[in-house]
Amino acid sequence: MAALSVSQLSMSWMALLSYLDKSGLKNGLALLGFLWAANVSIKFAFNFLVGLRIHVLSQLTKRKDLALKYGGKWAVVTGASEGIGKAFACELARTGMNIVLMSRSTQKMEKVAEAIEKEFKVQTRIIQVDFGLQDVYANISSSLEGLEIGILVNNVGVMYDYPQYFLDVPDKKLYDLINVNMTSVIMMTRIVLPHMCKRKRGAIINMSSSAGLLPTPQIAAYAATKEFVDSFSRALAYEYSSQGVEVQSLRPFYIATAMTYGTKPNVFVPSPETYVKNALRTLELSTRNTGYWNHEIQALFLGFCPEWLWMWGGSILNQQIRRNVLKTRR
Ligand SMILES: NC(=O)c1ccc[n+]([C@@H]2O[C@H](COP(=O)([O-])OP(=O)(O)OC[C@H]3O[C@@H](n4cnc5c(N)ncnc54)[C@H](OP(=O)(O)O)[C@@H]3O)[C@@H](O)[C@H]2O)c1
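Here the structure is a predicted model, which is why all the values come from computation and not from measurement.

*Asks:* Is there a simple way to think about the pairing of strand E1 (residues 74-78) in this case?
*Replies:* Here is the key point about a regular strand: its side chains alternate between the two faces of the sheet. Among the 5 residues in E1, 5 count as buried, and that is most of the element. In terms of strand pairing, E1 meets strand E2 (residues 98-103) through 5 bridges, oriented parallel. Paired with valine 77 across the strands is leucine 101, a residue of E2. Both E1 and strand E4 (residues 149-154) contribute to a ladder of 4 bridges, which runs parallel. By the bridge assignment for E4, valine 77 is matched with valine 153.

The following block contains the structure:
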């Protein structure tokens, strides 16, 4: 019975091919296939060349005076006491900018500020704030009054304690995800942007994430907040480019910080310092990229990944991470 089906199938296949041949449809389908392959190849080549320009060629040029370019001596960095934010604060100070550090822990920020002032001979200020709260922006606004802010880095962000199904995530964490990851980006931008528009210069760097490239199971709410940041940044970049303000969305993969459960740096996972050195070079060249050459290559290939495969792979990876984290906590 099975043999008969196979032979029937192969006869039907032959009949279909001969029909396509006679009707001229075969050439039409071949043309469609060719156009599809050409479209994919052109997109791939284009993205590859763009990646080469923003991640490789940018490293070969002399670093610009960012304070001069963006019309303000001060840079404000949210979530600056550790991880990527601390690396941004140091790297911006290296270019000669004064730094406003913002996070919850005064003690950690004082240490960072002291190190920055000593090494880079610039001024620093500290604003202690919990972005989990919503009524903090009037205070922030008055603390920033009078400072010529050239660059704002909306870096602060929180993640699940470990990958979890949505109903297992505590309410407090969900509110933090909303307030820290999204409200802070909107409100800090609202405070700083009017002054940038007046001076017709400025840059806002927003930390999105590759987790928001596609929906990611078991960190669903986190991934959604990062997609929000990306979408907001892209629209804002369009709205304010004519007013001289650049808005950039950075969408990295893993970086070795506390957020990635103690992952050690390797060729795929840069340290925050390596990441930020690379990412800052992409400012003014690109309004949206991963911020790191290796992550750009990963994004290039993942651009062809169907959503079901991303979700399936993401689920397996996140399950493994949950097991590992829970094991180390036992
Ligand atoms: N690490 C990665 O692999 C990765 C990948 C993609 C995107 N990102 C994004 O990059 C950004 C930085 O991540 P990270 O890995 O550097 O994180 P991190 O190492 O956990 O550092 C987070 C920073 O935010 C501050 N912070 C946390 N909650 C806060 C709150 N409620 N109010 C004020 N400050 C708060 C922390 O300082 P205090 O504890 O002193 O408040 C710390 O300075 C985040 O937006 C994250 O989503 C990270």
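*Asks:* Where do I start with the sheet that holds E4 in this structure?
*Replies:* What links the strands of a sheet is backbone hydrogen bonding, and the strands pair in either a parallel or an antiparallel sense. Strand order in the open sheet formed by 7 strands is E3-E2-E1-E4-E5-E6-E7, and the pairing between neighbours is parallel. Single-partner strands in this sheet number two, and they are strand E3 (124-128) and strand E7 (288-289). Relative to the sheet, helix H5 (residues 106-120) contacts E2 and E3, its axis offset from that of E3 by approximately 170 degrees.

*Asks:* Looking at this structure, I do not really get the site of the ligand. What am I missing?
*Replies:* By nearness alone, 29 residues border the ligand, and Gly79, Gly83, Arg104, Ser105 and Gly157 come closest of all. Sorting elements by how many residues they give to the shell around the ligand places helix H4 (residues 83-94) first, with 3 residues. Residue classes in the shell around the ligand are distributed as 13 nonpolar, 12 polar and 4 charged.

*Asks:* I would appreciate a short explanation of unusual backbone geometry in the present structure.
*Replies:* Residues other than glycine predominantly adopt negative phi, and peptide bonds predominantly adopt the trans conformation. With a phi close to 75 degrees, glutamine 218 is a non-glycine residue in the positive phi region. Secondary-structure assignment places glutamine 218 in the loop between strand E5 (202-207) and helix H8 (220-240). Look at tyrosine 261: it is not a glycine, yet its phi comes out positive at around 55 degrees. The topology assignment puts tyrosine 261 in the loop between strand E6 (245-250) and helix H9 (272-281).

*Asks:* Got a minute to help me understand the nonpolar core in this structure?
*Replies:* Nonpolar side chains tend to gather and get buried jointly when the protein is soluble and globular. In terms of nonpolar packing, the biggest core is built from 56 residues, with Val76, Val77, Ala89, Ile99, Leu101 and Ile151 touching the most fellow members. The dominant element in this core, judged by the number of residues it contributes, is H4, at 7 residues. Those residues within four positions of valine 77 in sequence are excluded, and the remaining contacts are Gly85, Phe88, Ala89, Ile99, Leu101, Met102, Val153 and Asn155. With 10 residues, the next largest nonpolar core counts Met159, Tyr160, Leu177 and Ala223 among its residues.

*Asks:* Looking at this model, I keep getting lost on the packing of H4 against H5. Mind explaining?
*Replies:* Helix packing for two helices is described by the angle between their axes and how far apart those axes are. Contact pair H4 / H5: the axes reach a minimum separation of 10 Å and the direction vectors enclose 20 degrees. One finds that H4 runs roughly parallel with respect to H5. Note on packing geometry: the crossing formed by H4 with H5 is right-handed. In this structure, H4 contributes Lys86, Ala89, Cys90, Ala93 and Arg94 to the contact, and H5 contributes Val112, Ile116 and Phe120. Across the contact of H4 with H5, the residue classes tally to 6 nonpolar, no polar and 2 charged.

*Asks:* Got a minute to help me understand the UniProt feature "transmembrane region" (unreviewed entry) in the protein in this structure?
*Replies:* Sites flagged by UniProt as "transmembrane region" (unreviewed entry) map to residues 33-54. Between the end C-alpha atoms of residues 33-54 there is a gap of 32 Å, over a span that is 100% helix and 0% strand.

*Asks:* Help me understand the packing of helix H2 (residues 25-60) against helix H10 (residues 293-302) in this model?
*Replies:* Their axes nearest at 10 Å, the elements H2 and H10 cross at an angle of 170 degrees. Here H2 lies roughly antiparallel to H10, going by the angle between them. Contacts between H2 and H10 pair Phe44, Asn47, Phe48, Gly51, His55 and Val56 from the former with Trp293, Glu296 and Leu300 from the latter. Per-class residue counts for the contact of H2 with H10 are 5 nonpolar, 3 polar and 1 charged.

*Asks:* How should I be thinking about H8 in this particular structure?
*Replies:* Because each turn of an α-helix spans 3.6 residues, side chains separated by three or four positions in sequence point in the same direction. When the terminal C-alpha atoms of H8 are compared, their 30 Å separation across 21 residues agrees well with the 30 Å that a helix rising 1.5 Å per residue should span. Listed as buried for H8 are Tyr222, Ala223, Thr225, Lys226, Val229, Ser233 and Leu236. Down the axis of H8, the buried side of the element spans an arc of 160 degrees, and every buried residue falls inside it. Exposed positions of H8 whose direction lies more than 90 degrees from the buried face are Ala235, Tyr238 and Glu239. Summarising the contacts, the buried residues of H8 are in contact with helix H7 (171-199), E5 and E6.

What counts as what
- By convention here, each chain's residues receive numbers from 1 onward along its written sequence.
- Local features are withheld for residues below a pLDDT of 70 in this predicted model, meaning they are given only at 70 or higher, and side-chain atom pairs are given and counted only at 80 or more; totals for whole chains, interfaces and linings count all residues.
- In this scheme the burial state of a residue depends on its C-beta neighbours within 10 Å: 20 or more other such atoms mean buried, 12 or fewer mean exposed, and anything in between means partly exposed; the C-beta positions come from the backbone.
- Only DSSP runs of H or I covering at least 4 residues are called helices, and only runs of E covering at least 2 are called strands; the numbering of each starts at the N terminus.
- Strand pairing follows a simple DSSP-based rule, namely that at least 2 bridges must link the two strands.
- Remark: residues whose backbone-derived C-beta atoms lie within 7 Å of one another are considered to be in contact.
- Where helices are involved, their axes are fitted lines through C-alpha atoms of the stretch in contact, as for all axes, and angles between N-to-C directions lie from 0 to 180°.
- Working rule for contacts: place C-beta from the backbone, and if it is within 6 Å of a molecule or strand, that residue counts as near it.
- Three residue categories are used. Nonpolar comprises Ala, Val, Leu, Ile, Met, Phe, Trp, Tyr, Cys and Pro, charged comprises Asp, Glu, Lys and Arg, and polar comprises the others, including Gly.
- Note on terminology: a nonpolar core is a set of buried residues of type Ala, Val, Leu, Ile, Met, Phe, Trp, Tyr or Cys, with members joined through C-beta atoms within 7 Å.
- Oblique is the label for any angle not under 35 degrees, not over 145, and not in the 65 to 115 range, which are roughly parallel, roughly antiparallel and roughly perpendicular in turn.
- A clockwise turn of the near helix away from the far one marks a right-handed crossing, whereas an anticlockwise turn of less than a right angle marks a left-handed crossing.
- UniProt positions are given in the numbering used here, feature names are shortened, and annotations may be inferred rather than shown by experiment.
- Residue count minus one, scaled by 1.5 Å, sets the expected span of a helix.
- Think of the arc as the fan of directions from the helix axis to the C-beta atoms.

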